[in-house]
Amino acid sequence: NPGFLPVYSSLCQCFFPAKPWLPSCLFQSLSVFLPIHSGSDGGPCRRTYCGRGRQCVLLEVTGRAECVCQEKCRPTFVPVCGSDGRFYENHCEVYRTACLQKRRIYVVHSKDCFFKGDTCTMAEYNKLKSMLLDMQPKGLNGGGKNMLRDMDQKRALVDTMFTYLDVDQDGRLGSDELAQVCTSQRIGLRLLECTMQDLLRYDDYNNDGHLTLHEFYTAFQVVQLSLAEDQRMSISTVTVGLSAVLSCAIQGTLRPPIIWKRNGIILNFLDLEDINDFGDDGSLYITKVTTIHMGNYSCHAYGYEELCQTHVLQVNVPPVILVYPETQAQEPGVSASLHCHADGIPDPKILWLKNGIDLQPRPSKQLSLIANGSELHIGSVRYEDTGAYTCIAKNEVGVDEDISSLFVEDSARKTLANILWREEGLSVGNMFYVFSDEGITVLQPSECEIRKHIERTERIVASYEEMCPKSEGVSPQHCSWSSAVSVRDKYIYVTQPLQKRLLVIDTQAQKVVQAVETDPFPAKLLYDKSHDQVWVLSWGSMEKSHPTLQVIPQASVGEVHHTISTPFQRVDDFFIPPTNLIITHVRFGFVFLKSEPAVHKIDLETFHRVKTISLKTYSCVPVSMAYTHLSGFYFIQCQSQSRDPSSAQPQLLIDSVTDTVIGPNLNITGQPYVSPNGRYIVTPDQQRGKVRVQTVSFQGVLGLSRELDTSLLVSDLVFQPSFTESNQYTVVAASGSGMDLVFSDLASGHSEVLKSLKEPLSPHTWPWGGPNRVVVSSGLFGQYLVTPSAESLFVLNGKQKTPHCEVSDIKRGNTVVWVGEV
């Protein structure tokens, strides 16, 4: 920040000889080179930082700020040596000369250029001071490992030496006083090339012929550090997208360079994109704050870790909202609900307007607000309820709003809005697509109505092939599916592993429009919304002998699609973090290679490997990953090294700011799941039949919240938004071995069990990886879920936590996709 004058503290030891840009060793350079600013009236130069040796001037013609070499430096004598071998009066002259000569000159950590040809070199001078310290009384020898304690003892020694030498007690040591060292002490000193007078030559910084106690401290490298008790903890709040400066409050004479840590990882020497400048005063700069930067940062002086300041960084995010439906048409007398989901930090408060006027409903059957205003419910609509309902979400740092329109009309008077909503919207949107042996079933959940069934013999539009052709040796003919994804609710991509291809389904036409050839045995799909790409993991064979990773670009564009091969071989699995209302773009994904204790970070746009994060120290071969954008934690499930479930390894935590393994995630084992808002991490404990729930606070603190007693072996788990409280979730977990399904409220821990949902597919009859019994929700605003059994499909009412209906004759329907509004 150019508004602050960088003041370099004294350094009396070369802590970082390989870092010439650090303050020079053994020299005091207080206020010697200050960036000079013109235009103190608040003009452009006030916002322009020119760096060392340069100053800002205003161009007369344009009035714009420009950085030029300094005309002169302040007349301060703090001598230093330049890397060009020249002697300079102070640091400013070094960098001013470098600017004028247009070459790099830096301060070197040696004083030998002052005394070229002199017998008292820097090495000899250091020997002199060491010998003086060795003459200390034995009682002052600390011998401890605490550097602060040792420094206190060293300071006491130097104080004693100074008092002893200061014969006239005027607080200054002159040449005569330095010559007063007793004869017995001179015996050892006589063997050196340096004398006590050289203390004045080397360390009399103001050249007044005397040494003060401060200069004596500098000569003997006495570091004095302090941190006020009320500054040991500092809390900062920053709005996302802005910059942040964390200043270390540790002060003192000869303070060594400041070291910053996050999650125990030193930040100073990492080449980080957003944390790249620690400032001349030891401050930490984050150039563009995101939610991953929240959390704890600590600072200490190099070598003095026991004196530490902690900074807690909270990142606030303005609200982002989504309303549902955008438009609806209802007949008089029926109920209607308008939904508004808001994300932000802190949690936003929701208000409603009708046609621009505040809507403050009193509790009644006619009009009510549910879940902290997330739902506006009208019990029995009337014609006068027609209008534009504006949802407004506010928090401390911003506001967002959107409109949900309601039309109340008799069915006989069908307007354009009525037609669009009833005849088109309801016919193709808000459906489950279930892929089973018999083909594709399009299911409308509220009425348990099969809207369409696409037979296995139906032809693909582009090629006129059968959707599920009979494979050799397979009798009778049936469809085989493994994985499916919804692409912006416009298309569904679904793999046919035995056919070496995937199908593209147009949800508007409800037809299979294209078959895309892939590598053999495509088993897993994932949609990268940020780049509009579908990623395809193929096994090569049922034994996963030649796995490959392919990408289909522009997946939501209505054209002929094709796959692009990536350079990754031996791929065991991959992970791409999800997006949400706040995080709309994801830059990086991860690839796991077979039997390798590492995760490989890849650029989702170029498909290139960015870096490899080794897990070898923890002997962890990754199985699955999860991610929360709050504090940027990655959770890694490790492969069990034996068949004994009790020997499972705990999850590992990776900090996405530094791409460094922090260590084990407590003693939590199993596959992690993260809620859509990033605030809950849920891990089923398959050994104990429990579910471990962790939370992430808005300060980035990860903590264990509770254990949910499910008493089942979880096959699949999904988060459903709470119907009673905003920004809360219910976990719905399906059993992979029994007929039970559990609803668990994450806020209260209350659980309810649904029984008798029939037996799921046995694991050996579902060879494609993933859960043998899925559970799929109906989106952010839906109340229905589906879960298959071996011979049928169950629709569940998540709001009431009850079975809604059973759809029979759907065999092996374990691939399910929800398609929202179209």
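Keep in mind that what you see is a predicted model, and the values were worked out from it rather than measured. (Residues numbered from 1 in each chain as written. Predicted model: local features only at pLDDT ≥ 70, side-chain atom pairs only at ≥ 80, totals over all residues. Heavy atoms only, no water.)

**Student:** Now, about the side chain of Q728: what can you tell me, with residues and values included?
**Tutor:** Secondary-structure assignment places Q728 in the loop between β47 (714-721) and β48 (729-735). A polar atom in the side chain of Q728 sits 2.6 Å from the side chain of Y680. For Q728, the contacting residues outside a window of four places in its chain are Y680, Q720, P721, S722 and A747. (Helix = DSSP H or I, 4+ residues; strand = E, 2+ residues; numbered from the N terminus. Polar contact = N/O pair within 3.5 Å; in protein donor to acceptor, adjacent residues only side chain to side chain. Contact = heavy atoms within 4.5 Å.)

**Student:** Could you give an account of the pattern of salt bridges, naming the residues involved and the relevant values?
**Tutor:** Counted under the stated rule, the structure contains 23 salt bridges. One salt bridge in this structure joins R155 and D152, with 3.2 Å as the shortest N-O distance. Residue R155 and its partner D152 are both found in helix α3 (residues 147-165); the two are separated by 3 residues, about one turn of the helix. The class for D152 is partly exposed, based on a relative accessible area of 41%. Of the charged contacts, one joins R812 and D437 as a salt bridge, the two residues approaching to 3.2 Å between their closest N and O atoms. Placement of the pair is R812 in the loop between β54 (802-808) and β55 (815-819) and D437 in the loop between β24 (431-436) and β25 (439-444), with a sequence separation of 375 residues. Judged by its relative accessible area of 11%, D437 falls in the buried class. (Salt bridge = Lys/Arg side-chain N within 4 Å of Asp/Glu carboxyl O. Buried < 20%, exposed > 50% of the residue type's maximum accessible area, 1.4 Å probe, protein only.)

**Student:** Residues and numbers for the sheet that holds strand β49 (residues 741-745), please.
**Tutor:** Taken together, the 4 strands give an open sheet; going across it, the order is β47-β48-β49-β50, and neighbouring strands pair in antiparallel fashion. Every interior strand has two partners, whereas the edge strands, β47 and β50 (751-754), have only one. In this sheet, adjacent strand axes meet at a mean angle of 20° when their direction is disregarded. Here β48 pairs with β49 via 5 bridges, running antiparallel. Bridging across to β49, A734 finds its partner in L741. (Pairing = 2+ DSSP bridges. Axes fitted to C-alpha atoms, helices over the stretch in contact; angles between N-to-C directions.)

**Student:** Outline a negative patch on the surface, listing residues and values.
**Tutor:** A cluster of like negative charges, contributed by E326, E401, D402 and E821, occupies part of the molecular surface. When you line up the elements, E821 lands in the segment after β55. Given the relative accessible area of 36%, E821 is considered partly exposed. (Patch = residues over 30% accessible without salt bridge, like charges linked within 9 Å, V, L, I, M, F, W, Y side chains within 5 Å. Areas by Shrake-Rupley, 256 points an atom, 1.4 Å probe, with all protein chains shown as cover. Lys, Arg positive; Asp, Glu negative; His and termini not counted. Charge placed at Lys NZ, Arg CZ, Asp CG, Glu CD.)

**Student:** I'd like a rundown of the pairing of strand β15 (residues 304-324), residues and numbers included.
**Tutor:** Bridge analysis of strand β8 (residues 233-239) against β15 gives 7 bridges, and the strand direction is parallel. Looking at the pairing, V238 lines up with V315 of β15. Pairing of strand β14 (residues 295-301) with β15 involves 6 bridges; the strand directions are antiparallel. Paired with S298 across the two strands is T310, which belongs to β15. Hairpin geometry of β14 and β15 is characterised by an intervening segment of 2 residues between the two adjacent antiparallel strands and by a positive phi of about 90° at G303.

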